[in-house]
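In case you want the letters, here they are:
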Amino acid sequence: MLYAVICRDKPGHLQVRLDTRADHLAYIEKTGIVKMAGPFIEGGQMCGSLVILDTGDLASAEAWAAGDPYKAAGLFDSVTVTEWKKVIG
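All chains use their own residue numbering, which begins from 1 and follows the written sequence. In keeping with the model being predicted, local features are shown solely for residues with a pLDDT of at least 70 and side-chain atom pairs are shown and tallied solely at 80 or more, while totals for entire chains, interfaces and linings include all residues. Each side-chain value is worked out from all heavy atoms of the structure, with water and hydrogens disregarded.

(A) The arrangement of the overall build of the chain in detail. Assigned secondary structure in the chain consists of three helices and four strands. Helix numbering and strand numbering both begin at the N terminus, where a helix is a DSSP run of H or I of at least 4 residues and a strand a DSSP run of E of at least 2. Element order for the chain, N to C, with α for helix and β for strand: β-α-β-β-α-α-β. Based on C-alpha atoms, the radius of gyration is set beside the globule rule, defined as 2.2 Å times the residue count to the power 0.38. In terms of overall size, the chain behaves like a compact globule, its C-alpha atoms giving a radius of gyration of 13 Å where 89 residues would be expected to give roughly 12 Å. The buried share of the chain, reckoned over its 89 residues, is 33%. Per-residue and other accessible areas were derived by the Shrake-Rupley procedure at a 1.4 Å probe size, with only the shown protein chains allowed to occlude residues. For the chain, the accessible area works out to roughly 5200 Å², and carbon and sulfur atoms hold 54% of it. Taking the average location of the 9 positive side-chain charges in the chain and that of its 11 negative ones, the two points are 3 Å from each other. Each residue gets one of three labels from its accessible area relative to the maximum for its type: buried under 20%, exposed over 50%, partly exposed in between, using a 1.4 Å probe on protein chains only. Positive charges come from Lys and Arg alone, negative charges from Asp and Glu alone, with His and the N- and C-terminal ends not counted. Every charge is mapped onto a representative atom, which is NZ of Lys, CZ of Arg, CG of Asp or CD of Glu.

In structure tokens form, the structure reads like this:
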């Protein structure tokens, strides 16, 4: 099943994102369940993330989100994990 992880950064935390980006990308590669991902952009700057996971259940998706190095670094103001259905693309 597919799950969308929707994260919004805390205001003024761009440097935290930049400093933690390599660890976040390594986590994505290591876990192997990310189907697509990328940052939200506002005013030309990254300000959040959309990550689509392919995993067995909501608990697994939530566990993935909880283990994200961005979360450990305190980057996010909010994180939502919800089942998602791909229709186009």
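More follows now that the structure is in view.
(B) Summary view of the sheet that holds strand E2 (residues 34-42). DSSP-based pairing: two strands are paired if at least 2 bridges between them are found. The antiparallel open sheet is built from four strands, whose spatial order is E2-E3-E1-E4. Each end of this open sheet is capped by a strand with a single partner; those strands are E2 and strand E4 (76-84). Each neighbouring strand pair of the sheet contributes to a mean axis angle of 15 degrees, computed without reference to strand direction. Bridging between strand E1 (residues 2-9) and E4 involves eight bridges; their strand directions are antiparallel. By the bridge assignment, Ala 4 is partnered in E4 with Thr 82. Running over the sheet, helix H1 (residues 14-31) touches E1, E2, strand E3 (45-54) and E4 and is turned about 20 degrees from E3. Together, E1, E2, E3 and E4 form the strand contacts of helix H2 (residues 58-67), whose direction differs from that of E4 by roughly 155 degrees. Throughout, an axis means a line fitted to C-alpha atoms (over the contacting stretch in the case of helices), and angles, computed between N-to-C directions, take values from 0 to 180 degrees. The contact definition used throughout considers only heavy atoms, calling two residues in contact when any of these lie within 4.5 Å.

(C) Seen up close, the nonpolar core. Residues enter a nonpolar core if they are buried and are Ala, Val, Leu, Ile, Met, Phe, Trp, Tyr or Cys, with the set joined through side-chain atoms within 4.5 Å. Val 5, Val 34, Val 51, Leu 53, Trp 64 and Val 81 are the most contacted members of the largest nonpolar core, which has 16 residues in total. Looking at this core, the elements with two or more residues in it are E1, H1, E3, H2 and E4. Every residue in contact with Val 81, bar those within four places of it in the chain, is listed here: Tyr 3, Ala 4, Val 5, Leu 58, Ala 61, Glu 62 and Ala 65.

(D) The arrangement of the pattern of salt bridges in detail. Any carboxyl oxygen of Asp or Glu within 4 Å of a side-chain nitrogen of Lys or Arg constitutes a salt bridge here. Taken as a whole and judged by the stated rule, the model has two salt bridges. Here Arg 8 and Glu 42 are joined by a salt bridge, their closest N and O atoms 2.6 Å apart. Of this pair, Arg 8 sits in strand E1 while Glu 42 sits in strand E2; the two residues are 34 residues apart in sequence, bridging distant segments of the chain. What makes Arg 8 partly exposed here is its relative accessible area of 30%. The shortest N-O distance in the salt bridge between Arg 17 and Asp 9 comes to 2.8 Å. Accessibility classification places Arg 17 together with Asp 9 in one group, the buried group.

(E) Highlighting H1. Helix length check: H1, at 18 residues, gives a terminal C-alpha distance of 24 Å against a target of 26 Å (1.5 Å per residue), a fit within 8%. Lining the buried residues of H1 we find E1, E2, E3, H2, helix H3 (69-72) and E4. Of the residues one or two after H1, Gly 32 is the one with positive phi, at around 70 degrees. Take the residue count of a helix, subtract one, and multiply by 1.5 Å to get its expected span.

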